[in-house]
Amino acid sequence: MQASTVAHRILDLLAEAGVRRLFGVPGGPLLSLLHALDNRAGIDFVLTKHEEGAVFMAEGHAQSTGELGVACVTAGPGTTHALTAAASASSDWAPVLVLAGQVPTHMFGRGGLQDSSGGNWSIDAVQVFTSAVKMAALISDPGQLPHLLTRALRTAAEAPSGAALLVLPSNVLNAPDQGLPARAPRLAAPNPRFSTTEPLLGIAEALRKARNPVILAGQGAKAGRAQRALVELAERRWARVATTVKGKSVFPETHPLSLGVVGNYGASRAAHEVVTSRETDLLLVVGSSLGEVATSGWDPAPADGDRVMCQIDIDPLEIGKNHRVDHPLVADAATALRALADLLPPAGERPSFATLSAPTGVELQEGRPLLMASAVAAHLSGALPEDVLLFLDNGNTLCWVGEHYRCPPGADVHCSLNIGCMGYAVPASIGAKLALPERPVVAMLGDAAFAMGGMEIHTATERELSIVWIVLNNSGNAMVANLQHLLFDQVSSSLYRRPLDAAAVARGLGARAAVVSTLDDFASVLDEALHSDSPFLIDARVDGSEIPWSLVRRAEVLGGGE
């Protein structure tokens, strides 16, 4: 009978916490953990192609379920490769635990291969991660395991959630677990509630008095699972609702009160004008710090004039971070919004609002010789299943989908911003599909983002996952090229000399793939892909010179224009 080690105890504690899957890349210091994993049921190991991909898969799992995602990586470069994705998880409020291998403690400082224990001989994995995650710790003695692992699990899961790192030397993993105290990981913690009703009553009274209130919902509202409460409050006061691109899908964009997305990525001119209009006499911000992305570069207009500013956030440090606030409330979004709805009287007759334009893909494509990315995004509105899980990579993809895809009530849209790392969408979609195999999963990304994360398609083909990836192929870093054109009237060093054949790469990795260059072809192939039982990549050759409105607005801010 195999002796029980610390590695076995780690898996026991993870299983008790509800973890069913680990994403990772193997390495010497991790071998005992992988050996223990191979000899037990209930936790699946998903072999990825890169450590960053492993953590992005864990983030996709966490974003789509609200549950903890776990990745394991080896020492040295394995750990540093995971850094960016772990930082992304923290900035996106996704609960993720990274388990990092390490050389034996008795080898620290002796020049061991991939030693990342610090000092002046190597990188210090804990120190490197400290500013990127909510908690980073080294387990140097087996007796520390139950306490530190439980603390890491709690830290990652409790709001505002994020990533945690535990570094595990191989001699600690191999140590016998006899005598270790049992400590059950308790992940379910009560949502923070307001300690006094005064701030809540202040917001309720301000909403009662407002003639034209607008709600702006961000990532905090989405991470707080506040969808139903947001709809209830909006309808109770007939408040129009805009979201940041990170908050997209927290409010159904097919709802007559929806304004769509505002900010650097995905805004329309019409939505921007409503949110910043002087006619909007109250702005209720839920789960957003009103940072650069949400305000198109810290535009002061949201807090200008006599407008009443209300802000709800679970993190007190986010309130008033960038704009004055008349009525602040520290609380989780769902609890606060439900309480506000209970305090407000039933709504009267809904006022009439000017309808915001939502052009179809055919209308956006009309008269254009090359396939328009805007038309591709708009076509998704009626073509994707209503319960789709849609993952967006960084770049113009966020702008096109943010502005032109109308999100129905059952859909969920996820992206990775603040850190803004390209290469997120392919692995994140894999993590989500493994977690929720019954949900249709689609990812959209540019060809430059595909170049960074596309190899993880092989992970999906090995698992026979029916995911659809849509690559907006415009010969390189089109968002950067567009900004260069807008700011400097020239483009340099941003586009590929030789376009990337994403379809050929996908086929080489075992997926089905097709190249499309017209909207009709895209519509036909998308329908085929959505009904396929195999991983499927659509290589959409789009016009890279088409520039989203929100990017034009961003260039105006960067250039000092109006």
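Read on for a plain summary of the structure.

**Considering the overall build of the protein**
Looking only at helices and strands, one finds 22 helices and 18 strands in the protein. Against the globule reference of 24 Å for 562 residues, the protein gives a C-alpha radius of gyration of 24 Å, in line with a compact fold. Structurally, the protein occupies a C-alpha span of about 75 × 60 × 45 Å along its principal axes. A buried classification covers 59% of the 562 residues belonging to the protein. Partitioning the contacts of the protein with sequence separation of at least 6, the portion at a separation of at least 24 is 75%. Surface exposure of the protein reaches about 22,200 Å², of which carbon and sulfur atoms provide 51%.

**Some points on the packing of aromatic side chains**
Applying the stated criterion across every chain, the model contains two aromatic pairs. A ring pair is formed by Phe 56 and Tyr 424, whose centres lie 5.5 Å apart and whose planes are at 85 degrees; its orientation type is edge-to-face. Of this pair, Phe 56 sits in helix H3 (residues 51–65) while Tyr 424 is found in the loop between strand S14 (412–415) and helix H16 (425–435), placing the two residues 368 residues apart along the sequence. Geometrically, the ring pair formed by Phe 391 and Tyr 424 is tilted, given 6.3 Å between the ring centres and 50 degrees between the ring planes. With a gap of 33 residues between them, Phe 391 in strand S13 (residues 389–392) and Tyr 424 in the loop between S14 and H16 connect regions that are remote in the sequence. A single burial state applies to Phe 391 and to Tyr 424, both of which are buried. Taken together, Phe 56, Phe 391 and Tyr 424 form an aromatic cluster joined through their ring pairs.

**With respect to the pattern of salt bridges**
Applying the stated criterion across every chain yields a total of 19 salt bridges. Taking the shortest distance from any N to any O, the salt bridge between Arg 463 and Asp 44 comes out at 2.6 Å. Taken together, the residues span a long stretch of sequence, with Arg 463 in the loop between helix H18 (457–462) and strand S16 (467–473) and Asp 44 in strand S2 (residues 44–47) at a distance of 419 residues. What emerges from the salt-bridge pattern is a single network uniting Arg 21, Asp 44 and Arg 463.

**Concerning the sheet that holds S14**
Taking strand neighbours across the sheet as the criterion, the six strands line up as S14-S13-S15-S16-S18-S17 in an open arrangement whose pairing is parallel. Unpaired on one side and paired on the other, S14 and strand S17 (512–516) mark the two borders of the sheet. The average angle at which neighbouring strand axes cross in this sheet is 15 degrees, direction not considered. Relative to S14, S13 runs parallel, the two being bridged by four bridges. Bridge pairing links Leu 389 to Asp 412 in S14.

**Notes on the packing of helix H19 (residues 478–488) against helix H22 (residues 549–558)**
Where H19 contacts H22, the two axes come as close as 10 Å, and the packing angle between them is 50 degrees. When the axes of H19 and H22 are compared, the pair comes out oblique. Remark: the crossing between H19 and H22 carries right-handed chirality. On H22, the residues touching Met 479, Asn 482, Leu 483, Leu 486 and Leu 487 of H19 are Leu 551, Val 552, Arg 554, Ala 555 and Leu 558. Partitioned by chemical class, the residues of the contact of H19 with H22 number eight nonpolar, one polar and one charged.

How each quantity is defined
- Residues numbered from 1 in each chain as written.
- Predicted model: local features only at pLDDT ≥ 70, side-chain atom pairs only at ≥ 80, totals over all residues.
- Heavy atoms only, no water.
- Helix = DSSP H or I, 4+ residues; strand = E, 2+ residues; numbered from the N terminus.
- Rg over C-alpha atoms; globule rule 2.2 N^0.38 Å.
- Buried < 20%, exposed > 50% of the residue type's maximum accessible area, 1.4 Å probe, protein only.
- Contact = heavy atoms within 4.5 Å.
- Areas by Shrake-Rupley, 256 points an atom, 1.4 Å probe, with all protein chains shown as cover.
- Phe/Tyr/Trp six-rings, centres within 6.5 Å; stacked < 30°, edge-to-face > 60°.
- Salt bridge = Lys/Arg side-chain N within 4 Å of Asp/Glu carboxyl O.
- Pairing = 2+ DSSP bridges.
- Axes fitted to C-alpha atoms, helices over the stretch in contact; angles between N-to-C directions.
- Parallel < 35°, antiparallel > 145°, perpendicular 65-115°, else oblique.
- Left-handed = near helix turned anticlockwise from the far one by under 90°.
- Nonpolar A, V, L, I, M, F, W, Y, C, P; charged D, E, K, R; others polar.

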